[in-house]
Amino acid sequence: MKKLGTIVLGNLIYSSAVAFFILPNGLITGGTTGLALFTNYLFSVPIAAFIAVFNISMFFLGLWILGKNFALTTLLSTFCYPFFLAVFQKIQLQIGLLTTDPLLATIFAGLLVGSGIGLVIRAGASTGGMDIPPLILQKKTGLSVSISLYLFDSMILILQMFFSNREQILYGILLVCIYTFFLEKLLVYGKRQMQVKIISSEYETINSAIQNKLDRGTTLLPAKGGYSNQNIYMIMTILSQRELFHLNELVLSIDPDAFLIVNQVNEVHGKGFTQSKEYHNPEDFL
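All of the points below concern the structure found in this document. (Residues numbered from 1 in each chain as written. Predicted model: local features only at pLDDT ≥ 70, side-chain atom pairs only at ≥ 80, totals over all residues. Heavy atoms only, no water.)

1. Quick notes on the packing of aromatic side chains
What describes a pair of aromatic rings is the distance from one ring centre to the other and the angle between the planes of the rings.
Alright, step 1. Tallied over the full model, the rule gives seven aromatic pairs.
Alright, step 2. For the ring pair F20 and F88, a centre distance of 5.4 Å and an interplane angle of 55° mean the geometry is tilted. With a gap of 68 residues between them, F20 in helix 1 (residues 2-22) and F88 in helix 4 (residues 68-95) connect regions that are remote in the sequence. F88 shares its class with F20; the two are buried.
Alright, step 3. For the pair F83 and F84, a centre-to-centre distance of 5.8 Å together with 55° between the ring planes defines the contact as tilted. (Phe/Tyr/Trp six-rings, centres within 6.5 Å; stacked < 30°, edge-to-face > 60°. Helix = DSSP H or I, 4+ residues; strand = E, 2+ residues; numbered from the N terminus. Buried < 20%, exposed > 50% of the residue type's maximum accessible area, 1.4 Å probe, protein only.)

Here's what the structure looks like:
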């Protein structure tokens, strides 16, 4: 139920950006909405109607290529987004413009679109439409979703050049950049961790302290000093940014001469992160 609620909320935010900021201010954008704007210009097809038909078509394409599990998680978005968009368009006509400043509209639209799509993807689904071709390309070729999505959006922006002025095109590019950047940040939010490698002659004591005091797993890697020619073990551990300060204090309290290498990693899978820990002695953690 939590995932379904997140998918609905994501589509609600996404459609509100389109209805309240993109369409009223004549902004151009990528994705299904950008295609809908282009089709509306050429054939006067209602935007909400085009999005509904296109999303349903992409849904069946995803079902055929990506399988039933993908289809089930995307089905909700396929119908939610055009429904919310139609409702918000009616509300927008009643309340009027929220802003007449195109830059302000571009910024808010970018933040909302990035947030909406990000929530849906974090829930393990997609918003349907133009999100599906990049997922298919990733499965068939291994190409990154963010790269192919950006390429598709760029091509859709080029199509809209036929009926948009230069300023609209620049705002469109800015809009795509904002929501792509914010989407990437949201997708890795809470998943980024710090990888720390520790070189010290007191590695046994430090290794035990990390496990017992910080409750973090460690890996011992064979290492040899380039200058000292001494064979020792290097400790590698993964922890959050909050825990990094405590780790630093802990290590230096044991060995003030310890050498620490700190790297940021975008995502970690495994016990203690994406899986529950297994405690061999539960009384130690009461």
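Having seen it, we continue.
2. A word on the packing of helix 3 (residues 47-66) against helix 4
Alright, step 1. Between helix 3 and helix 4, whose axes approach to 9 Å, the crossing angle comes to 175°. Here helix 4 runs roughly antiparallel to helix 3, going by the angle between their axes. Touching I47, A48, I51, A52, N55, I56, F59, G62, L63 and L66 of helix 3 are K68, F70, A71, L75, T78, F79, Y81, P82, L85, A86 and Q89, all from helix 4.
Alright, step 2. Here the residues of the contact of helix 3 with helix 4 sort into 16 nonpolar, four polar and one charged. (Axes fitted to C-alpha atoms, helices over the stretch in contact; angles between N-to-C directions. Parallel < 35°, antiparallel > 145°, perpendicular 65-115°, else oblique. Contact = heavy atoms within 4.5 Å. Nonpolar A, V, L, I, M, F, W, Y, C, P; charged D, E, K, R; others polar.)

3. Considerations on the nonpolar core
Alright, step 1. In this structure, I22, L85 and V113 are the most contacted members of the largest nonpolar core, which totals 40 residues.
Alright, step 2. Every element with two or more residues in this core is listed here: helix 1, helix 2 (31-43), helix 3, helix 4, helix 5 (102-122), helix 6 (132-141), helix 7 (145-159) and helix 8 (166-188).
Alright, step 3. V113 has contacts with Y14, A17, I22 and Y179, leaving out every residue within four places of it along the chain. (Core = buried A, V, L, I, M, F, W, Y, C linked by side-chain atoms within 4.5 Å.)

4. Describing the environment of S200
Alright, step 1. For S200, the position within the fold is in the loop between strand 1 (193-199) and helix 9 (203-213).
Alright, step 2. In sequence terms S200 and Y233 are 33 residues apart; their C-alpha atoms lie 8.0 Å from each other.
Alright, step 3. Those residues within four positions of S200 in sequence are excluded, and the remaining contacts are I206, I232, Y233, D255 and A258.
Alright, step 4. From its side chain, S200 meets the backbone nitrogen of E202 in a polar contact 3.0 Å long. (Polar contact = N/O pair within 3.5 Å; in protein donor to acceptor, adjacent residues only side chain to side chain.)

5. So, the environment of F54
Alright, step 1. By the element assignment, F54 lies in helix 3.
Alright, step 2. A relative accessible area of 16% places F54 in the buried class.
Alright, step 3. Remark: the alpha-carbon pair of F54 and T32, spanning 22 residues in sequence, is separated by 7.7 Å.
Alright, step 4. If near-sequence neighbours (up to four positions away) are discounted, F54 is found in contact with T32, L35, G129 and M130.

6. Looking at helix 4
Alright, step 1. With 28 residues, helix 4 ought to run about 40 Å at 1.5 Å a step, and its terminal C-alpha atoms sit 41 Å apart, in line with that.
Alright, step 2. Along helix 4, the helix axis deviates most sharply at T74, where the bend reaches about 40°.
Alright, step 3. Of all the residues in helix 4, the buried ones are F70, A71, T74, S77, T78, C80, Y81, P82, F84, L85, F88 and Q92.
Alright, step 4. Its buried side turned inward, helix 4 meets helix 1, helix 2, helix 3, helix 5 and helix 6.
Alright, step 5. G96, located one to two residues past helix 4, shows a positive phi value of around 85°. (Expected span 1.5 Å × (residues − 1). Bend = angle between axes of the 7 residues up to and from the residue.)

7. Section: a nonpolar patch on the surface
Alright, step 1. Taken together, the side chains of I56, F60, L63, L75 and F79 make up a nonpolar region of the molecular surface, amounting to roughly 430 Å² of accessible area.
Alright, step 2. Only helix 3 and helix 4 provide two or more residues apiece to the nonpolar patch.
Alright, step 3. Ranked by the residues each element gives to the nonpolar patch, the list is headed by helix 3, at three residues.
Alright, step 4. Position of I56 among the secondary structure elements: in helix 3. (Patch = residues over 30% accessible without salt bridge, like charges linked within 9 Å, V, L, I, M, F, W, Y side chains within 5 Å. Areas by Shrake-Rupley, 256 points an atom, 1.4 Å probe, with all protein chains shown as cover. Salt bridge = Lys/Arg side-chain N within 4 Å of Asp/Glu carboxyl O.)

8. Quick look at the pairing of strand 2 (residues 218-224)
Alright, step 1. For strand 2 and strand 3 (residues 231-239), the ladder comprises seven bridges, and the chain directions are antiparallel. Bridge assignment links L220 to a residue of strand 3, and that residue is I235.
Alright, step 2. Once strand 2 ends, the chain turns through six residues before running back antiparallel as strand 3, passing N229 with a positive phi of about 60°. (Pairing = 2+ DSSP bridges.)

9. Side note on the pattern of salt bridges
Alright, step 1. Scanning the model with the defined rule gives one salt bridge in all.
Alright, step 2. Where E243 meets R216, a salt bridge forms, and the shortest distance between an N and an O atom there is 3.3 Å. With E243 in helix 10 (residues 241-254) and R216 in the loop between helix 9 and strand 2, the pair connects residues that are 27 residues apart, well separated along the chain.
Alright, step 3. Overall, the relative accessible area of 19% leaves E243 in the buried class.

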